[in-house]
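Residue-level listing of the chains:
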Amino acid sequence: MRLRRSKGIYILILFFVLMLARVFSLSALASTERNQEDMPKGFSEWVEAFPEDLAQLLPEGMDSQNSEEAGEATLELMRPETLLSIIGELLNVGVGDAFRLFVKLVGLLLIASVFGALRASISSDTVSGAVHFCTTLAIFAAIIGLQAEHLERVAQYLERLSALVGAMIPVTGAVWAMGGNVTTASAGTATLSVFLTVCESLCAKTVIPVCGFCTAMALCNTLSPELGMRGVAGAVKKTYTFLLGMIMTVLVASLGSQTALTAAADSTTARTAKVIASAAIPVVGGSVGDTLRTVASGVRYLKTILGIGGIGLILLLTLPTLLSLILTRVVFLLCGGIADLLGCEREGRLLGELGTMYGCMIAVVSMSAVMFILALWIFVKSVVAVA
Amino acid sequence: MSGELLKLCGVAVLCAMVGLLLAKWQREYSALVRVGGTILVGIALLGGLREGLDAILGLVGAEAVEPYADVMLRALGIALLTRLCGEICRECGAGSVAVGVELAGKISILVLCIPLIREILELANEILRMQET
């Protein structure tokens, strides 16, 4: 009787253990299926934060909640052919605008050159000086409208970048946490928030005053070279770009080292928990590790989609503004050289200085983009704790 | 243009020669002839300048640069006119009048720059408003 009872109990325990194993493997399968089907919460808000006028450049399926579709769309976006065709499309529009600007500036320089030759016949220095002042002011007035347009464009770009990254931060935190990197999630999202604050407060609020100051100095230097303002403007530009570069380097280094340290700590915690679970749970303790590895591969896949997709979105957002600034800078520098050839030295100096000011804007735009791209790359490369 | 230039040179030399001849007998008429010749040359010069400028504007696209080219042309026109008037006054022995004419020319050019300065200040205000938002 006693033997029959104990046999029954053993069968019951065995049955219970087998059921438990089945439950674990079912949940692992479910989590794999879930990882294939669902992007994390906040992903759709992230893609919606991308500006509508540039959304036509995105491949189909980029905003899909299905991770496989989103993964394929990200792969399609990051193909060299896709990126080059987007750059080609943007250049088509940009080169046309740059050519029109070039023709306009060359026209003004030709007129200034002809007038300069005629001005030589005016014996009176005061009247000749007044004519020169008028022609320089006319060229400056023709250019400054374009400056204002580009400054507005840079400010708009920084605003859009901040909106996009602001939507990215909660998603990256969620994915980090999914992989067991809880400490990394809190430290990483905090650092990304600092990046965002730097972009919003430092870059967006300082680029316009600095560029405005440099433009004013360029005009003063052209109209009154004896004041010697060229050195002041050059020093301000160099100091500004150096400070920005330094701050961004420090922030990226901080994020990289923080992520490495916290990921290592999270890995240690996760491994300890796995070992305890494997030892404490009889029979099925080993399958806990297999389940967690499955989860980790799913999380790695999500991280790759989100990280690379985010990098693609930032590139798409940056390219139109960056190409426009680069082409305008090239036009200004070319026209500065042409002005020297035509004998319009003052106008050439003005165009040259305005061209270097565009270099300042290019630095702000590219540094902001690179900072976030590096942050996303660190996110992709960070180790999943439960792996 | 070269045909017209020959005519212009011919008129200028003729006026100078007649002025020289009249200087011996009728000094006042001599001055009038010289002033008349200067005015004729000045009008022909300004016409030729407008023609040349229209040709350049046609090449580079008038809409983009015309407002500014217009200001530059007026400034140059004022400067040349001032120069011519100043020289006429000096030839007639009125140096102080010549100085007054040049000063008036300079002030006119600066007044011509006022719309440009206004446009630049408006754009600067726009940039400042961008910064505030």
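Within each chain, residues carry numbers counting from 1 in the order of the written sequence. The naming scheme follows written order: chains are lettered A onward, ligands numbered 1 onward. Only residues with pLDDT of 70 or above have their local features reported here, since the model is predicted, and side-chain atom pairs are shown and tallied only from 80 upward, although totals for entire chains, interfaces and linings are computed over all residues. Side-chain metrics in this entry use all non-hydrogen atoms of the structure; hydrogen atoms and water are not considered.

Q: I'm lost on the overall build of chain A in this one. Help?
A: Each helix and strand in chain A was counted, giving ten helices and zero strands. Contact definition: two residues touch when any of their heavy atoms are within 4.5 Å. In chain A, 85% of the contacts between residues at least 6 apart in sequence involve partners at least 24 apart. Of the roughly 17800 Å² of accessible surface on chain A, a fraction of 66% belongs to carbon and sulfur atoms. Where helices and strands are cited, they refer to DSSP runs of H or I of at least four residues and of E of at least two residues respectively, numbered from the N terminus. With residues, only the protein chains shown are counted as cover, and all accessible areas are computed by Shrake-Rupley using a 1.4 Å probe.

Q: Would you mind going over the nonpolar core with me for this structure?
A: Nonpolar side chains in soluble globular proteins tend to be buried together. All names here are of chain A. Membership of the largest hydrophobic core comes to 133 residues, with the highest contact counts inside it found for W46, F195, V207, I314, F332, M361 and F372. Looking at this core element by element, the count peaks at 28 residues for helix α6 (residues 125-178). Once residues lying within four places of it in the same chain are set aside, the contact partners of F372 are L161, V165, F195, L196, C199 and I314. Put simply, a nonpolar core is a bunch of buried Ala, Val, Leu, Ile, Met, Phe, Trp, Tyr and Cys residues held in one set by side-chain atoms that sit within 4.5 Å of each other. A simple rule labels every residue: compare its accessible area, found with a 1.4 Å probe on the protein chains alone, to the largest value its type can have, and call it buried under 20%, exposed over 50%, or partly exposed in between.

Q: Explanation requested: the interface of chain B and chain A in the structure shown.
A: A common way to state how big an interface is: give the accessible area lost once the parts meet. Taken together, the contact between chain B and chain A spans 32 residues of the former and 36 residues of the latter. Buried area: the accessible area, evaluated with a 1.4 Å probe, that two parts lose upon being put together, summed over both parts. In total, chain B and chain A occlude about 3100 Å² of area from one another, counting both sides; carbon and sulfur atoms represent 85% of this. Looking at the side of chain B that touches chain A, the elements with two or more residues in it are α2 (27-60), α3 (62-91) and α4 (95-132) of chain B. Among the elements that make up the side of chain B that touches chain A, the one with the highest residue count is α3 of chain B (14 residues). Classification convention: Asp, Glu, Lys, Arg as charged; Ala, Val, Leu, Ile, Met, Phe, Trp, Tyr, Cys, Pro as nonpolar; all other residues, Gly among them, as polar. For the side of chain B that touches chain A, the class distribution of residues is 25 nonpolar, two polar and five charged.

Q: I tried to follow the state of the cysteines on my own but got confused; where do I start?
A: Every disulfide links exactly two cysteines, by a covalent bond between their sulfur atoms. All names here are of chain A. What counts as a disulfide here is a pair of cysteine sulfur atoms lying within 2.5 Å. Summed over all chains, the structure comprises zero disulfides over all chains. The thiol sulfur of C203 is not disulfide-bonded, and the nearest other cysteine sulfur, from C199, lies at 5.1 Å. C214 takes part in no disulfide bond, and the closest cysteine sulfur to it belongs to C360, at a distance of 5.7 Å. Taking the relative accessible area as the measure of exposure, C214 reaches 3% and is therefore buried.

Q: What should I look at first to understand the environment of A233 of chain A in this one?
A: Residues and elements named next belong to chain A. Structurally, A233 can be placed in helix α8 (residues 230-280). A233 gets classed as buried once you look at its relative accessible area, which sits at 3%. Sequence separation of A233 and N221 is twelve residues, and the distance between their C-alpha atoms is 9.4 Å. The residues contacting A233, other than those within four sequence positions of it, are C214 and M217.

Q: Looking at this structure, I do not really get the packing of aromatic side chains. What am I missing?
A: Centre-to-centre distance and the angle between the planes together describe a pair of aromatic rings. All names here are of chain A. The rule is short: rings of Phe, Tyr and Trp, with Trp giving its six-membered ring, pair when the centres are within 6.5 Å, and they are stacked under 30 degrees, edge-to-face over 60, tilted in between. Under the defined criterion, the tally for this structure stands at three aromatic pairs over all chains. Residues F195 and F372 carry aromatic rings whose centres are separated by 6.2 Å and whose planes lie at 55 degrees to one another, so their mutual orientation is tilted. With F195 in helix α7 (residues 182-223) and F372 in helix α10 (residues 345-381), this residue pair connects regions lying 177 residues apart in the sequence. Accessibility assignment for this pair places F195 and F372 in one class, buried.

Q: What exactly am I supposed to notice about α7 of chain A here?
A: Along an α-helix, residues three or four apart share an orientation, since each turn contains 3.6 residues. To estimate the expected span of a helix, subtract one from its residue number and multiply by 1.5 Å. Helix length check: α7 of chain A, at 42 residues, gives a terminal C-alpha distance of 60 Å against a target of 62 Å (1.5 Å per residue), a fit within 8%. The largest bend along α7 of chain A measures about 30 degrees and falls at V207 of chain A, with the proline P209 of chain A one to four residues further on. The angle between axes fitted to the seven residues ending at a residue and the seven residues starting there is what we call the bend at that residue.

Q: In this structure, what is going on with the environment of L5 of chain B? I would like to understand it.
A: With respect to the element layout, L5 of chain B can be found in helix α1 (residues 2-25). In this structure, the C-alpha to C-alpha distance between L5 of chain B and L45 of chain B, residues 40 residues apart in sequence, is 9.4 Å.

Q: What's the story with the side chain of E102 of chain B in this structure? I'm lost.
A: For E102 of chain B, the position within the fold is in helix α4. Throughout this description, a polar contact denotes any pair of N or O atoms lying within 3.5 Å of each other; where both atoms belong to protein, one of them has to be capable of donating a hydrogen while the other can accept it, and for residues adjacent in sequence the pair is counted only when both atoms sit in side chains. In this structure the side chain of E102 of chain B is engaged in a polar contact, spanning 3.0 Å, whose partner is the side chain of R90 of chain B.

Q: Even after reading the chapter, I still don't get a nonpolar patch on the surface, so can you show me in this structure?
A: Residue and element names in this part refer to chain A. The patches reported here contain residues having more than 30% relative accessible area and no salt bridge. Joining distances are 9 Å for like charges and 5 Å for nonpolar side chains (Val, Leu, Ile, Met, Phe, Trp, Tyr). Here, a salt bridge means any Lys or Arg side-chain nitrogen found within 4 Å of an Asp or Glu carboxyl oxygen. A cluster of nonpolar side chains, namely F242, L243, M246 and V250, defines an oily patch on the protein surface of about 390 Å² accessible area. Looking at the secondary structure, you find F242 in helix α8. The exposed category is assigned to F242, whose relative accessible area is 55%.

Q: What exactly am I supposed to notice about the pattern of salt bridges here?
A: Residue and element names in this part refer to chain B. The tally for this structure, following the rule as stated, stands at six salt bridges over all chains. Here E87 ties to R83 by a salt bridge, and the two come within 3.6 Å at their closest N and O atoms. Here R83 and E87 lie together in helix α3, a separation of four residues that amounts to about one turn. Relative accessible area serves as the criterion here: at 30%, E87 is assigned to the partly exposed category. R90 is the salt-bridge partner of E102, the closest N and O atoms lying 3.0 Å from each other. With E102 in helix α4 and R90 in helix α3, this residue pair connects regions lying twelve residues apart in the sequence. The class of R90 is partly exposed, set by a relative accessible area of 36%. Through salt bridges with shared partners, a single ionic network connects R83, E87, R90 and E102.

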